[in-house]
Amino acid sequence: MLKKMRVITMFIMTALLLSALPGHAALNAVSTDVNPANGFPLWYQDTAGVALEQCNFMVVPDDPAFNGTAAQNADLNCIAGEAEEAFWWAAEVAVGPTSADVASSLLVLAIEGAFLTPNPDGANQDGQQASFARVRIRIDVNTAGDYTVTHPFGVESFPGVVPGAGFDINMTRDIGGLALDFATTLTGDIGPFLQCLNPAPPAGYLGNFALPCTVTGSPLGTNIFEIVGPTSTASTDQFNVSGKLFSGLSPAGLTFPERTVGTADPAPQIVTITNTTLNPMTVGAPTFAGTDPADFSLAIAPTGINPCDPATPLPGTVPPNPPSTCTMEVVFNPAVPAGGLAGLGARSATMTVPITDPPGAAALPVVLLSGTAVNNISAPASHDFGQVLINGTSSQTVTVSNSGTSNLTVTSAAVSGGNAPEFAIQGNTCTAAPVLPGGTCDITVVLAPTSGGAKTTTLTINSDDPVTPNLALPLTGVGATSAEIAGQAGAEGGGGGGGGCFIATAAFGSYMADDVMVLRKFRDTRLLTNAPGKVFVELYYRYSPPVADYIAEHEALRTATRIALTPVVYSVKYPVHVLMITGLVIGGIAYRSRKVKRYN
C-alpha cells in the first residue's frame, strides 16, 4: 500500500511539473491496442524501430549462454495481467559506482506501467492504468559541494549538496502518469532503448536483467553512469537491462465462443501483424498445428482492413510515421466428432505465422487458439413413470433443449420397441417450429398399461442435430393394481402413514402423479402430525381400498373423482390463495348483506 501511495504522489508531482521539464521525445509510437488481460498498451516503439512488449518480471528464461544461477535464470512472465507494476523496458545500475566523494549510488531508467488507484478490495482498478518514462538518481555523498551526473539520456546538475541522513541526491523525474494517457510517455527522457552489447542478449531480448552488461543506444553517446564530485569521479558502464521484443503479432491468443459442430462461424476474430521495424516485412501464410488444427482456419474472404498478403510486404516504419499493419481473420468451425457425444468439448490449436524481416532471420510468432464444440439437442437421459394403475394412465413430459448455437429442427418423434403399444405420444410442440438456441420444446408421452408388470419402450427424437440426429431415450414404468400400489406405498412407508392415497391414485392413474404427491405431502406434514388427523388417516386406510378399486374400474367415476379432488389439491397446494379468495367472497357477501339491510 505504501508503495502504491508513493506512486500516486509521484504522479501528482509529475502532472504539476510536466510542462516545465524538457524531454527527449526519443520514443516514436505506442500501440493503440491494449492487452485485454491488464488494459496496458501492447508495445512501445523507439526511433530506431525497436518495439517492446510489457513484462512483469525482468529476467529472461534459461539460456545456456549465461550459465547463471537459478535466480538469474528465473522464468519470464510477460503480459501477465494484474501486476502492481510492469515494465516495457528498464535499465538500472543497482550497485552504483563509488569514490572519495560518493558513498553509494543508484540509477533507474524505465518505461513503466502502474495502476493509479486500487479497488477497495485491493485489486487493481480498470480505467486507472498509467504509463511513464522514469529517470531516477539516488546518491549518498561524503563531501559537500556541486555534483554533475551523466547518464545515457542526459546530464543532471546538483549544486550545493550537503551530506546528511538518507539520500543526499534524490531525484525522480517521471513523464506521463495520467490515467489511460499512454502517449505522453513518448515525450519523456527515455529513448531509444539501450540494449546489451557485451555479453550479448539472448534472441528476442535486449538483455538479461540478472547479468550486468555494457550497453549501446545512447542518443548522446554516453553509455555510462558517471558522477563528478568536488574532488573525485565515479563511473561505470555496467547496466542491468530488461526488454522483450514485440513479436509483431497480437493478440497472443484467441478464445472463441461455443459453436455447434459442423456449422460455419459467422464471427471471425482478427489477428493483427504490426511491422515495427525499419525494414519491409513479408508475412507468410499461417499454419495450424496442435490438438485440433482442422477446427481453425482463415476466413475465406477477409473483411478486415489491409489483409495480409505474402506478395505485398508490409513497409518498414520510418519514424515518426506509425507502424504499418495487416490483418488475418480466423474462424472456428469444429468438425463433427467421430466419437459422438464423447468427442464434444474443448478444442485447441496453434497458429504460426512466418514473418520475415530482411535481412534478419525469420520469426515465427504463435497464436494460441481455443474454443468449445457443442451439439444442439439435449434431453434428460430417461423417464420413469413409476407404478401406473392397470387400465389407467400416467403422463410424463420430455423437455428437449437446444443447447447449441444454431437452430434445431425436430422432424418427428415416435415410441418403438418393448411395450410400445402401451405408450403413446399425447402432445408434441417440438415439430411445430425450429427450436432457437437456448430454447426448449416438450413431448408428452402417456403410459396406459393394459396388464401388470414392467413396461419399457424407447422414445426416438429425429432432428438435424449433427451428432445425435436420432436421440433415443428409454421410458420405463410398471402396470399395477390399486392393491399393489397401496402395498408399494406401505412398503415405502407412505411418509409415515403405512399406506397410499388409494382414491386419488385410482382417479389420477398413478401413485407418482403430481396431484397425488401433493395430497401425500399434506397427509404426512399436516394430518399425521396431530391426533384428529391420525384418526382420519386410519379410517381412510380401513375403508377406502374397495372404493378405490370400484372407481378405478369405471372411467366416468375416475373423471368425476378427479374433478372433485381438483379444488382440494389446489387448496393444499396454494393455501394462501384460497384464504384470500375465501376472504374476498365472505367480505363481498357481508358487504352485500349490509347494503340490502340499509335499503330495506
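Treat the numbers as computed from the prediction; the structure is a model and nothing was measured.

Participant: Any chance you could explain the overall build of the protein here in plain terms?
Facilitator: Helix and strand counts for the protein stand at 7 helices and 34 strands. Scored against the burial criterion, the 600 residues of the protein give a buried share of 45%. Restricting the contact set of the protein to residue pairs at least 6 apart, pairs at least 24 apart contribute 69%. For the protein, the computed accessible surface area is about 28,100 Å², with 61% contributed by carbon and sulfur atoms.

Participant: What's the story with the sheet that holds strand β21 (residues 296-298) in this structure? I'm lost.
Facilitator: Hydrogen bonds between backbone groups are what pair the strands of a sheet, and the pairing can be parallel or antiparallel. The strand order across the open sheet formed by 4 strands is β15-β18-β22-β21, and the pairing between neighbours is antiparallel. At either margin of the open sheet sits one strand with a lone partner, and together these are β15 (249-250) and β21. Relative to strand β22 (residues 324-332), strand β18 (residues 269-275) runs antiparallel, the two being bridged by 7 bridges. By the bridge assignment, valine 271 is partnered in β22 with methionine 328.

Participant: I tried to follow the state of the cysteines on my own but got confused; where do I start?
Facilitator: Disulfide: a covalent bond formed between the sulfur atoms of two cysteine residues. Enumeration according to the criterion identifies 3 disulfides in this entry. Shown here is the disulfide that connects cysteine 196 with cysteine 213, its sulfur atoms set 2.0 Å apart. Of note, the bridge from cysteine 196 to cysteine 213 carries an S-S torsion of about -70° and is left-handed in sense. In this pair, cysteine 196 is assigned in strand β10 (residues 195-198) and cysteine 213 in the loop between β10 and β11 (214-216), connecting sequence segments 17 residues apart. Just as cysteine 196 is buried, cysteine 213 falls in that class too. Note that cysteine 430 is cross-linked by a disulfide to cysteine 441, the S-S spacing being 2.0 Å. Between cysteine 430 and cysteine 441 the disulfide shows an S-S torsion of about 95°. By sign, it is right-handed. Of this pair, cysteine 430 sits in the loop between β31 (423-428) and β32 (440-447) while cysteine 441 is found in strand β32, placing the two residues 11 residues apart along the sequence.

Participant: What am I meant to see in the pairing of strand β33 (residues 453-463) here?
Facilitator: Consecutive side chains of a regular strand alternate in pointing toward one face of the sheet and then the other. Bridging between strand β30 (residues 410-416) and β33 involves 6 bridges; their strand directions are antiparallel. In the sheet register, serine 412 faces β33, and the bridge partner there is asparagine 462. For β33 and strand β34 (residues 470-480), the ladder comprises 10 bridges, and the chain directions are antiparallel. Note that in β34 the partner of leucine 459 across the bridge is leucine 473. Count of turn residues in the β33/β34 antiparallel hairpin: 6 residues.

Participant: How should I be thinking about the packing of helix α4 (residues 514-525) against helix α6 (residues 555-573) in this particular structure?
Facilitator: Any two packed helices are characterised by how steeply their axes cross, that is the angle between the axes, and by the distance between the axes. Taken N-terminus to C-terminus, the directions of α4 and α6 make an angle of 55°; their axes are 10 Å apart at the nearest point. Considered as vectors, α4 and α6 are oriented oblique to each other. The way α4 lies across α6 gives a crossing that is left-handed. Between α4 and α6, the contacting residues are Asp515, Val518, Leu519 and Phe522 on the first element and Val568, Val569, Val572 and Lys573 on the second. Tallied by class, the residues present in the contact of α4 with α6 amount to 6 nonpolar, no polar and 2 charged.

Participant: Can you walk me through the side chain of glutamate 422 in this structure?
Facilitator: Residue position: glutamate 422 is located in the loop between β30 and β31. For glutamate 422, a relative accessible area of 10% corresponds to the buried category. Reaching out from glutamate 422, the side chain makes a polar contact with the backbone nitrogen of threonine 450 at a distance of 2.7 Å. At 3.2 Å, the side chain of glutamate 422 forms a polar contact with the side chain of lysine 455.

Participant: Explain the packing of aromatic side chains to me, please; I cannot follow it from the model alone.
Facilitator: In this description, a pair of aromatic rings is defined by centroid distance and the angle of the planes. Evaluation of the coordinates by the stated rule reveals 11 aromatic pairs. For the ring pair phenylalanine 40 and tryptophan 88, a centre distance of 6.0 Å and an interplane angle of 75° mean the geometry is edge-to-face. Here phenylalanine 40 is found in the loop between β1 (27-30) and β2 (43-46), whereas its partner tryptophan 88 is found in strand β4 (residues 85-93), with 48 residues between them in sequence. The two residues phenylalanine 40 and tryptophan 88 agree in class, both being buried.

Participant: Is there a simple way to think about the pattern of salt bridges in this case?
Facilitator: A side chain of one charge can pair with a side chain of the opposite charge if their charged atoms are brought near each other. A full pass over the atoms with the stated rule returns 8 salt bridges. Measuring nitrogen to oxygen at the nearest pair gives 2.6 Å for the salt bridge that ties aspartate 189 to arginine 173. Of this pair, aspartate 189 sits in the loop between β9 (169-176) and β10 while arginine 173 sits in strand β9, and the two are 16 residues apart along the sequence. Residue classification places aspartate 189 among the buried positions, given a relative accessible area of 5%. By sharing partners, the salt bridges in this structure join Glu112, Arg134 and Asp174 into a single network.

What counts as what
- Within every chain, residues take consecutive numbers counted from 1 along the sequence as written.
- Where totals are concerned, whole chains, interfaces and linings use all residues; where local detail is concerned, this predicted model gives features only for residues with pLDDT of at least 70, and gives and counts side-chain atom pairs only at 80 or more.
- With hydrogens and water excluded, all non-hydrogen atoms of the structure serve as input to the side-chain values.
- Secondary structure elements are taken from DSSP: a helix is a run of H or I of four residues or more, a strand is a run of E of two residues or more, and numbering for both begins at the N terminus.
- Burial classes follow relative accessibility: with a 1.4 Å probe on protein chains only, a residue under 20% of its type's maximum area counts as buried, one over 50% as exposed, and anything between as partly exposed.
- Note on contacts: a residue pair is in contact if any heavy atoms of the two residues lie within 4.5 Å.
- Here the open area of atoms and residues is found with the Shrake-Rupley method and a 1.4 Å probe, where only the protein chains shown may cover a residue.
- Paired strands are those between which DSSP finds at least two bridges.
- Disulfides are defined in this document as cysteine sulfur pairs within 2.5 Å.
- To obtain an axis, a line is fitted to C-alpha atoms, over the contacting stretch when the element is a helix, and the angle between two such axes runs from 0 to 180 degrees between their N-to-C directions.
- An angle below 35 degrees is read as roughly parallel, one above 145 as roughly antiparallel, one from 65 to 115 as roughly perpendicular, and any other as oblique.
- What makes a crossing left-handed is the near helix being turned counterclockwise from the far one by less than a right angle; a clockwise turn instead makes it right-handed.
- Amino acids are sorted into nonpolar (Ala, Val, Leu, Ile, Met, Phe, Trp, Tyr, Cys and Pro), charged (Asp, Glu, Lys and Arg) and polar (every other residue, Gly among them).
- Here a polar contact is recorded for every N or O atom pair within 3.5 Å, except that within protein the pair must consist of a potential hydrogen donor and a potential acceptor, and residues adjacent in sequence are included only if both atoms are side-chain atoms.
- Here is the rule: rings of Phe, Tyr and Trp (six-membered ring for Trp) pair when centre to centre is within 6.5 Å. Planes less than 30 degrees apart are stacked, more than 60 are edge-to-face, and the remainder are tilted.
- Here, a salt bridge means any side-chain nitrogen of Lys or Arg that lies within 4 Å of a carboxyl oxygen of Asp or Glu.

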